[in-house]
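Analysis of the macromolecular model
The residues making up each chain are set out below.
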Amino acid sequence: MRIGVLTGGGDAPGLNPAIAGVVERASKYGYEIIGLKRGWEALVAKDTAPYVVKLGPEIVREYSRLGGSRLQCSRTNPVSEGIDRTELVIENVKKLGLDVIIAIGGDDTLGAGAVLNDRGVPIVGIPKTIDRDLAGTEYSLGYDTALNVICDSAEQISHSARSHQTIFFLEVMGRHAGWLALRGGEAAFADVILIPEYSLKIEKLVSILEEKLEKSSKMGLDHMYKLIVVAEGAHIEGEEEVRKDAKIDEFGHYSIGGVGNYLKGLLEHNFKHTRYMALAYLQRGASPSQKDRQMGRRFGNNAVEMIKNGDIGYMVAMQKSRLVKVFLKEVKKSPSLVDVDKYYDRESLNVKIEWTLSNNN
Ligand code: F6P
C-alpha cells in the first residue's frame, strides 16, 4: 500500500501531529507514506518531483511539536469551477503509484477531495480549520491552539488596557463562524463579543459599553477598561457582510481583517481612549497544544485504519466526543455556526451562561 498525504488550505497547528499519526500507524502495517507538498498543487503539477517526499518514522519524529505544516499548504483547488484538472490529478496519482490520498484540510481541500473521490481518485480526509466551522465534525485541528493564543493574548492586553483605561478591540479569526471569538472571549471574560452570526447595531455597542463603564466607575479606576473580542467576519447591521475594500486573493478568496480597526474608528468620538489589535496569523503560529497533538495523532492513526478497512471516501470526524467516519461530501453541507439563541446573549453581546450541572449534582 502506497499512501500520499497532503495538507491544504490555511495552515493550522495540529497538521504536523496528524502527518506523524498517519506515518506512525502506516509503518505498523508496512504501508509506504509519500508526502505531497503544497496541498493539491502537488497533484496538478506538470513535474511532481519537487513536491514529493518519502516519509518515515525517523523523519516525522519531531513533527508533533511543530506548528504549521512541514508539507506546506496551498489553497489550490483542482476541481474549482472554471478550471477542472481532474485528469491531471488522475494521471499524477497513477504516475506516483499512489493507492489512496489522505487529504488534511477544511471545506475547500476536503470538498475537492469528495469530488475527486467520486471521479475515481481514492481519498480519505482529516478535518482541519482553526475556525471550527467544518460540517460533520465537532473538532477540527488547530482550534484549541488558536483558542489558547486568544486567551493568553487577551490576558496580556488587559494589563495595558487597565493601565490606560482603554476600550480595546481585539480582533480574532473566524470568517463565517464566531466560535473562536465566542469561546476565546468567554475565557478572557471579554465585556463584549462580536460574531459573524449576529449583525451588530453600532448604537447598541456604544450604549452597552457606556452602561458597563458607568457601573465600573462605581468600583474605581482599575475597572475603567473594556475588552471587545471581535471576529474578523463580524459585520454591522445594514452593511454588506463583506467590506467594500476587501481584496480578492489569487485563489478567489476575499481577504478580510480590519473590522476591529473600523469599529474603533467609529467609536473614537464616544470614548476617550480606544485601541485595536488583530491577532491574525499569530493564532495559527503557536506550536500545537496538547489537544491538537493528541487529536492530530488520533485522526492520523484513524485515517490509516480506515484505509485498512476499505473505508474510502470518508473523513475521520469527532461526534459526541467519539471518533467516527462521515462521508467526505458532508463537508460541503452548511458550516457549523454559533447557534445564536443557544450560546449568544443578544442583550449583552456576550456568551450566554450555560447551565450544564444537572439538579442531581
Ligand atoms: O479558514 C481559516 C482562516 O484562518 C480564516 O479564519 C481566515 O479568514 C483565513 O483562514 C485567512 O486565510 P489566508 O491564509 O488565505 O489569509
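The structure under discussion appears in the preceding block.
All of the points below concern the structure found in this document. Just so you know, these numbers come straight off a predicted model, no measurement behind them. (Residues numbered from 1 in each chain as written. Predicted model: local features only at pLDDT ≥ 70, side-chain atom pairs only at ≥ 80, totals over all residues. Heavy atoms only, no water.)

**Some details on empty space enclosed by the protein**
Considering all chains together, one arrives at 2 cavities of 30 Å³ or more under this definition. Empty space within the largest cavity amounts to approximately 50 Å³. In this structure, the largest cavity is lined by Gly-8, Gly-9, Gly-39, Trp-40, Ser-74, Arg-75, Thr-76, Asn-77, Asp-108 and Thr-109. In the lining of the largest cavity, the residues fall into 1 nonpolar, 7 polar and 2 charged. Here the second largest cavity defines a volume of roughly 30 Å³. Taken together, Arg-132, Asp-133, Leu-134, Thr-137, Glu-138, Tyr-139, Ser-140 and Ser-336 make up the full set of residues lining the second largest cavity. Partitioned by chemical class, the residues of the lining of the second largest cavity number 2 nonpolar, 3 polar and 3 charged. (1 Å grid on protein atoms, 1.4 Å probe; cavity = no way out; pocket = protein on both sides within 12 Å on 5 of 7 lines; lining within 4 Å. Points joined across faces, edges and corners; volume = space filled by probe spheres on them. Nonpolar A, V, L, I, M, F, W, Y, C, P; charged D, E, K, R; others polar.)

**Section: the environment of Ser-289**
Positionally, Ser-289 belongs in the loop between helix H9 (282-285) and helix H10 (290-308). Look past the residues within four positions of Ser-289 in its chain and what remains in contact with it is Asp-144, Thr-145 and Asn-148. (Helix = DSSP H or I, 4+ residues; strand = E, 2+ residues; numbered from the N terminus. Contact = heavy atoms within 4.5 Å.)

**Some thoughts on helix H8 (residues 259-267)**
Within H8 the residues assigned to the buried category are Val-259, Gly-260, Leu-263, Lys-264 and Leu-267. Along the axis of H8, the buried residues cluster in a sector spanning 140°; they form a single face. Where H8 is buried, its residues meet strand E6 (167-172), strand E7 (192-194), helix H7 (202-217), strand E8 (226-231) and strand E11 (274-278). (Buried < 20%, exposed > 50% of the residue type's maximum accessible area, 1.4 Å probe, protein only. Arc of directions from axis to C-beta.)

**Some thoughts on the site of the ligand**
Near the ligand you find Arg-75, Ile-130, Asp-131, Met-173, Gly-174, Arg-175, Glu-232, Tyr-281 and Arg-284, and these make up its full shell. Interatomic distance of 3.1 Å between a side-chain N/O atom of Arg-175 and an oxygen atom of the ligand. The contact in question runs from an oxygen atom of the ligand to an N or O atom on the side chain of Tyr-281, over 2.5 Å. For the ligand, the protein covers 79% of the area, taking 400 Å² as the surface of the free molecule. (Near = heavy atom within 4 Å. Polar contact = N/O pair within 3.5 Å; in protein donor to acceptor, adjacent residues only side chain to side chain. Areas by Shrake-Rupley, 256 points an atom, 1.4 Å probe, with all protein chains shown as cover.)

**Quick look at the sheet that holds E8**
Spatially, 4 strands are ordered E7-E8-E6-E11 in an open sheet, and the strand pairing comes out parallel. With partners counted over all chains shown, the strands left at the sheet margins are E7 and E11, one partner each. Each adjacent strand pair in this sheet contributes to an overall mean axis angle of 15°, direction not counted. Where E6 meets E11, 5 bridges bridge the pair, whose relative direction is parallel. Considered in E11, the bridge of Phe-168 is made with Arg-275. H8 rests against E6, E7, E8 and E11 of the sheet, and its axis sits at about 160° to E6. (Pairing = 2+ DSSP bridges. Axes fitted to C-alpha atoms, helices over the stretch in contact; angles between N-to-C directions.)

**Things to note about the packing of aromatic side chains**
By the definition in use, this model includes 5 aromatic pairs. Considering the side-chain rings of Tyr-198 and Tyr-344, the 5.5 Å spacing of their centres and the 55° angle between planes classify their relative orientation as tilted. Highlighted residues: Tyr-198 in the loop between E7 and H7 and Tyr-344 in strand E14 (residues 344-345), separated in sequence by 146 residues. The class of Tyr-344 is buried, set by a relative accessible area of 2%. The ring of Trp-179 has Arg-132 sitting right over it, with the charged end atom 4.5 Å from the ring centre. (Phe/Tyr/Trp six-rings, centres within 6.5 Å; stacked < 30°, edge-to-face > 60°. Lys NZ or Arg CZ within 6 Å of the ring centre and 35° of its normal.)

**As for the pattern of salt bridges**
For the structure on display, the rule yields 20 salt bridges. Among the ionic pairs, Glu-41 bridges to Arg-38, the shortest N-O distance being 2.9 Å. Judged by its relative accessible area of 17%, Glu-41 falls in the buried class. Its salt-bridge partner being Arg-183, residue Glu-186 comes within 3.1 Å of it at the nearest N-O pair. A residue pair is termed a helical-turn pair when its members lie 3 or 4 positions apart in one helix, as Glu-186 and Arg-183 do in helix H6 (residues 179-187) at 3 residues. (Salt bridge = Lys/Arg side-chain N within 4 Å of Asp/Glu carboxyl O.)

**A look at the pairing of E8**
Residues in a regular strand project their side chains so that they alternate between the two faces of the sheet. Most of E8 sits inside the fold, with 6 of its 6 residues counted as buried. Of the two faces of E8, both are covered, the one formed by Lys-226, Ile-228 and Val-230 as well as the one formed by Leu-227, Val-229 and Ala-231. As paired strands, E6 and E8 are joined by 6 bridges and run parallel to one another. Bridging across to E8, Phe-169 finds its partner in Ile-228. The pairing of E7 with E8 spans 3 bridges and is parallel. Note that in E8 the partner of Ile-193 across the bridge is Val-229. Between the parallel pair E7 and E8, the chain is carried across by H7, and the sense of this crossover is right-handed. (Right-handed = clockwise from strand over helix to strand, strands pointing away.)

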